[in-house]
Amino acid sequence: MAHAVEKHPVTGIPVNPEKATLEGKNKYVAFWFFLGGETVLFASLFGTYVGLLNSGAPEELRSYNIFEMGLVFLMTMLLLTSSLTSVLAMMNMKANNPARMKFWLIVTLVLGAGFLAAEIYEFIHYYHIGHTFTSSAFGSAFYTLVGFHGAHVTFGLLWITTLLIRNWNRPIDVHNAPKFYVSSLYWHFIDVVWVFIFSIVYLLGMVS
Amino acid sequence: MAQTTALQQSRKYNGLMDWITTVDHKKIGILYLFSGIFFLLLGGIEALLIRWQLVRPMNDFVSGETFNQLITMHGTTMIFLAAMPMLFGFMNAVVPLQIGARDVAFPFINSLGFWLFFFGGVMLNLSWFFGAAPNAGWTAYAPLSTQPEATGVDFYALGLQISGFGSLMAGINFLVTILNMRAPGMKLMRMPLFTWTTFVASALIVFAFPPLTVGLFMLMFERLFGAVYFDPAMGGNVIIWEHLFWIFGHPEVYILILPAFGIFSEIIPTFARKRLFGYTTMVFATMLIGFLGFMVWVHHMFTVGLGPVANSIFAVATMAIAVPTGVKIFNWLFTLWGGQIKFNVAMLYSVAFIPSFLVGGMTGVMLSVAPADYQYHDSYFVVAHFHYVIVGGVVYGLFAGLYYWFPLMFGKALSEKLGYWQFWLFFIGFHLTFFPQHFLGLFGMPRRVFTYLPNQGFETMNLLSTIGAFFMGVSTIILLVAVVKAFMSKHVVKPDHWGDGRTLEWTLPVPTPEYNFAQTPLVKGLDTFWLEKMAGNKRVSVAEPVSDIHMPNNSLIPFFMSLGLFIAGLGAIFQKDNMVIGWSLIAFGLLMTFVSMFLRSWIDDHGYYIPKSQVEADLKAIREKGEQ
Ligand code: HEM
Ligand SMILES: [Cu+2]
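Calculation criteria
Residues numbered from 1 in each chain as written. Chains lettered and ligands numbered in written order. Predicted model: local features only at pLDDT ≥ 70, side-chain atom pairs only at ≥ 80, totals over all residues. Heavy atoms only, no water. Helix = DSSP H or I, 4+ residues; strand = E, 2+ residues; numbered from the N terminus. Rg over C-alpha atoms; globule rule 2.2 N^0.38 Å. Buried < 20%, exposed > 50% of the residue type's maximum accessible area, 1.4 Å probe, protein only. Contact = heavy atoms within 4.5 Å. Near = heavy atom within 4 Å. Polar contact = N/O pair within 3.5 Å; in protein donor to acceptor, adjacent residues only side chain to side chain. Nonpolar A, V, L, I, M, F, W, Y, C, P; charged D, E, K, R; others polar. Phe/Tyr/Trp six-rings, centres within 6.5 Å; stacked < 30°, edge-to-face > 60°. Lys NZ or Arg CZ within 6 Å of the ring centre and 35° of its normal. Expected span 1.5 Å × (residues − 1). Donors = N, O, S within 2.8 Å, 3.2 Å for Na, K, Ca; no water. Buried area = accessible area lost by both parts, 1.4 Å probe. Salt bridge = Lys/Arg side-chain N within 4 Å of Asp/Glu carboxyl O. Core = buried A, V, L, I, M, F, W, Y, C linked by side-chain atoms within 4.5 Å. Lys, Arg positive; Asp, Glu negative; His and termini not counted. Bend = angle between axes of the 7 residues up to and from the residue. pLDDT = per-residue confidence, 0-100.

Caption draft 1: The overall build of chain B, seen in detail. Of regular secondary structure, chain B possesses 18 helices and two strands. In terms of overall dimensions, chain B is globule-like: its C-alpha atoms have a radius of gyration of 25 Å, near the 25 Å expected for 628 residues. When the backbone C-alpha atoms are referred to their principal axes, chain B occupies close to 70 × 65 × 50 Å. Sorting the 628 residues of chain B into buried and exposed places 61% on the buried side. Nonlocal contacts in chain B, meaning residues at least 24 apart in sequence, comprise 82% of its contacts between residues at least 6 apart.

And the structure:
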């Protein structure tokens, strides 16, 4: 049913365009459940990682001897900032400012791509010093957890890019707002996971 | 109001293409049901071969290796490809109707979930044709499952990952459907019990499948891409697999049994013609079981050696689950008490379920006593336990549901006469097969052995068990005959086939129109149809005037999305032997999946409207036909 959706007097679109229709509401609720499942997924990977931390790795390839904390700190800053810019994009979406929303989304994408590039560089570096996917149980668990997160970032970049291109010349409405909104939820989620990776993989790895 | 102009024409196909592209939950329900029945037959044949091998000591009907493949495929097929899909079939066919909805929340994802399950199942069974089926048990414990020569396990790891994604989609879809799509007045505490149990089981799916996915993902990387999580020589740890598997595995058994509880909770009040006793406690017991289901996984690992503290905590938590389960048993009994009971086949299964399941619950509590479990573990006692709960609970529920909802789904009824035969053969065969296995276990027969020596006191019980299995086989054949007969018959049933329907699905005309409800119903309480009947109304009240109805378009994309993953999965398996072919398949398959996802995102598909005039014409035709 096409509901008569009430529009905001200033912005000209509903107050919460992402939840204004039943389809939007469905997407919104479903995505939270999906993130619930993803949380358990990452929790399982974290559990495995903690169980296998440094296991089977020779002294020179243990976490505290290989992690490049400077680079990791840079990556953390990039990703945290990209979460902020994606909030700014969503605020502009709700204010019906498509131009600024697009701008902030592009900034988000650039920061995300920077993160990904740094991560690839980091992996290649570890590979050269001998810490690989198959070198020890620690290596397998490390690349699985961190790589899984990296794959999520990659997917997020492709997703948001597709949305941007598809809706480049369109106004913000109740059809595309839910799509932008859940993609930004996804982006925040990846960011939160990274915070845990930063603390459990890297910080814990440096002190254990 | 309706911007019909902005929407495309409806996209419709015929025949096979219609089934491949359908997004109608009623049709997807039928797809799930029949795929499930197909795999039930496969798993059943495997079971008969297992029992034939064990009919006498030192039998050489199949080799030990083949035996291992048979038990692995039997368990995996029955749980993932028979029981769950058949339950999903009923959920799809019934839940939207019970809550007065025109559709599920995500018709497209619903179709995607089905095709993922389907291709996952096909992949698992393809293993038979590529040399070897998985042979490490349905639990696939490492390091048994990580042996390089156990190539069947590759198909297990990939096939279950694909079908697991499908289950996740189905779970999310049902959660949102039940939360957001209810008709006016359908408050949570007015929802039929089958809807409630579907809701809780779906929540369990969303939180229990990810650990399995992670476990399978690791198993795949260990077997195919050189990872060493489970290899002690490289610092790996085999117990991680057991934890991940059972963190999934125990909730999984409740994913199976809760919807079956829901089915019985629909049938018993209907044919006792009494309101379900203790509705509120039923709902809360369901939630409590769902919650506790996550707290008990270590009872499968008592003998691993996690220590007395862990074992004690998990033993107590396990025993605690028996309490809400007991509440349910008493509620069913009190519903029957003083009712005007009609014993048709659906009801026979429901009544037979109570004592059968009770036995399984009691052996469960015995097993939960950690020190005693050192004796029972990995013996036939455990086999007896889980078949009493799964067959005596889940399979009885599936059969009961089949007799009960067949008229709703197909407009034809299954023969009650054949049904009696089917029931009694199954009931006798089931107890004959599994009751003696308790004693086999207590006498010391381990599970998962392909043969045994004479003169150990195992002969008679094994013989009885095999005879019982063939009773169940004959019973299944009768069921198939009944299904075929029903489809051949020209007799179309009336709406509210049983005459005692209490819930909204029985208010619908036969066959159910694709939009389900011409007008969204107004729900006045629990068992709203029954309330209206008692108030002397033939129809339930409606919440809206007749108007245009929005419908989703059919789509081929879910099929190709799943096919892509299937091809990529095969590639992952083949790249071990042939890098080029394998990696090309992986690239091609993943490309197919991602392009499909991209197309889904890119193409605007807002569906179409069924015009008011047509809905009115349908309504008129139905009313002229009489009754409704
Ligand atoms: C009162 C409720 C229940 C209790 C206390 C209980 C307890 C247990 C325990 C302690 C075990 C482990 C035995 C061992 O391996 O040594 C077990 C195994 C099992 N239970 Fe239950 N159970 C209950 C209900 C159920 C239900 C409702 C189902 C399924 C619908 C189920 C399915 C299984 C399966 C499949 C296994 C064996 C898994 C395997 O090792 O292959 N149980 N149960
Ligand atoms: Cu269990």
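Text resumes after the structure shown.
Caption draft 2: Seen up close, the environment of V298 of chain B. Note that V298 of chain B resides in the loop between α8 (279-292) and α9 (308-336). For V298 of chain B, a relative accessible area of 2% translates into the label buried.

Caption draft 3: Quick peek at the site of ligand 1. All names here are of chain B. As a structural note, the neighbourhood of ligand 1 is formed by 22 residues, with W138, D373, H377, H385 and R447 the closest of them. Here an oxygen atom of ligand 1 sits 2.5 Å away from a polar atom, N or O, in the side chain of D373. A distance of 2.8 Å is found between an oxygen atom of ligand 1 and a side-chain nitrogen or oxygen belonging to R447. If you list the elements that add at least two residues to the shell around ligand 1, you get α7 (239-272), α10 (345-367) and α12 (380-410). Residue composition of the shell around ligand 1, grouped by class: 12 nonpolar, eight polar and two charged.

Caption draft 4: Inspection of the packing of aromatic side chains at higher detail. On inspection of all chains with the given rule, the structure shows 95 aromatic pairs over all chains. Judged by centre distance (5.1 Å) and plane angle (75°), the ring pair of F209 of chain B and F248 of chain B falls under edge-to-face. You can see F209 of chain B sitting in helix α6 (residues 193-224) and its partner F248 of chain B sitting in helix α7, a full 39 residues away along the chain. Linked through ring pairs, Y32, F38, F39, F88, F114, W115, F117, F118, F119, F559, F560 and F566 of chain B together constitute an aromatic cluster. Over the aromatic face of W168 of chain A sits the side chain of K102 of chain A, whose NZ or CZ is 4.5 Å from the ring centroid. The ring centre of W530 of chain B lies 4.5 Å from the NZ or CZ of R502 of chain B, which sits over that ring.

Caption draft 5: Region of interest: helix α13 (residues 416-443) of chain B. All names here are of chain B. With 28 residues, α13 should reach 40 Å at 1.5 Å per residue; the first-to-last C-alpha distance of 41 Å fits that figure. The opening residue of α13 is S415, an N-cap whose side-chain oxygen sits 3.2 Å from the backbone nitrogen of K417. Downstream of α13 by a residue or two, G444 has a phi angle that is positive, lying close to 110°.

Caption draft 6: Quick look at the coordination of the iron atom of ligand 1. Residue and element names in this part refer to chain B. There is one protein donor for the iron atom of ligand 1, and it is H385 (NE2), at 2.1 Å. A separation of 4.5 Å is found between the iron atom of ligand 1 and the copper ion (ligand 2). Along the chain, H385 turns up in helix α12.

Caption draft 7: Highlighting the interface of chain A and chain B. Listed as interface residues are 37 residues of chain A and, on the opposing side, 42 residues of chain B. Roughly 3,300 Å² is buried in total at the junction of chain A and chain B, and carbon and sulfur atoms are behind 72% of that figure. Applying the counting criterion to the chain A and chain B interface returns two salt bridges. R170 of chain A is the partner of D604 of chain B in a salt bridge, and the nearest nitrogen-oxygen pair spans 2.3 Å. Of all the elements in the fold, those that place two or more residues in the side of chain A that touches chain B are α1 (22-52) and α5 (137-166) of chain A. In terms of residue class, the side of chain A that touches chain B is built from 18 nonpolar, 14 polar and five charged.

Caption draft 8: Spatial organisation of the environment of V238 of chain B. Residue and element names in this part refer to chain B. Within the fold, V238 resides in the loop between α6 and α7. Counting along the chain gives 92 residues from V238 to T146, while the straight-line C-alpha distance between them is 9.8 Å. Sequence-distant contacts of V238, that is, excluding residues within four places in its chain, are made with A142, P143 and F230.

Caption draft 9: Region of interest: the nonpolar core. Counting residues in each nonpolar core, the largest one holds 245 residues, and the members touching the most others are F142, W194 and Y202 of chain A together with W332 of chain B. Setting aside residues no more than four positions away along its own chain, W332 of chain B makes contact with F261, F264, S265, I268, L276, M282, F353 and I354 of chain B. By size, the runner-up hydrophobic cluster in this structure holds 12 residues, among which are V62, V383, L440 and F458 of chain B.

Caption draft 10: Geometry of the coordination of the copper ion (ligand 2). Residue and element names in this part refer to chain B. Only H250 (ND1), H299 (NE2) and H300 (NE2) from the protein reach the copper ion (ligand 2) as donors, at distances of 1.8 to 2.1 Å. Counting gaps between the donor residues of the copper ion (ligand 2) yields the pattern H-x48-H-H. Judged by its relative accessible area of 6%, H250 falls in the buried class. Here H300 falls in the partly exposed class, since its relative accessible area comes to 23%.

Caption draft 11: Here's a closer look at the side chain of E505 of chain B. Residue and element names in this part refer to chain B. As for its placement among the helices and strands, E505 is situated in the loop between α14 (459-488) and α15 (528-534). For the buried E505, no salt bridge exists, and the shortest N-O distance to an oppositely charged side chain is 10 Å, to R502. Within the local environment of E505, its side chain forms a polar contact with the side chain of T503, the two groups lying 2.6 Å apart.

Caption draft 12: Region of interest: the pattern of salt bridges. Overall, the coordinates contain 14 salt bridges over all chains when judged by the stated rule. Notably, a salt bridge pairs D18 of chain B with K27 of chain B, separated by 2.8 Å at the nearest N-O pair. Overall, D18 of chain B belongs to the buried group, its relative accessible area being 12%. We classify K27 of chain B as partly exposed; its relative accessible area is 27%. In this structure, the salt-bridge partner of E532 of chain B is K524 of chain B, at a minimum N-O distance of 3.5 Å. Taking the relative accessible area as the measure of exposure, K524 of chain B reaches 45% and is therefore partly exposed. If you follow the salt bridges from partner to partner, you end up with R166 and R170 of chain A together with D604 of chain B in one network.

Caption draft 13: A look at the side chain of T197 of chain B. Residues and elements named next belong to chain B. On the secondary structure map, T197 appears in helix α6. By relative accessible area, T197 is classed as buried at 0%. There is a polar contact of 3.0 Å between the side chain of T197 and the backbone oxygen of F194.

Caption draft 14: Structural view of α10 of chain B. Look at α10 of chain B: 32 Å from first C-alpha to last across 23 residues, which is about the 33 Å you get at 1.5 Å a residue. At F353 of chain B, α10 of chain B shows its maximal bend, which comes to roughly 30°, and the proline P355 of chain B appears one to four places after that position.

Caption draft 15: Molecular detail of the confidence of the model for chain B. Residues and elements named next belong to chain B. Across chain B, pLDDT averages 95, with 98% of residues at or above 70. Low pLDDT, under 50, characterises residues 1-6; the predicted model gives this stretch eight contacts beyond four residues in sequence or across chains. Model confidence for the complex is summarised by a pTM of 0.95, with the ipTM given as 0.94.

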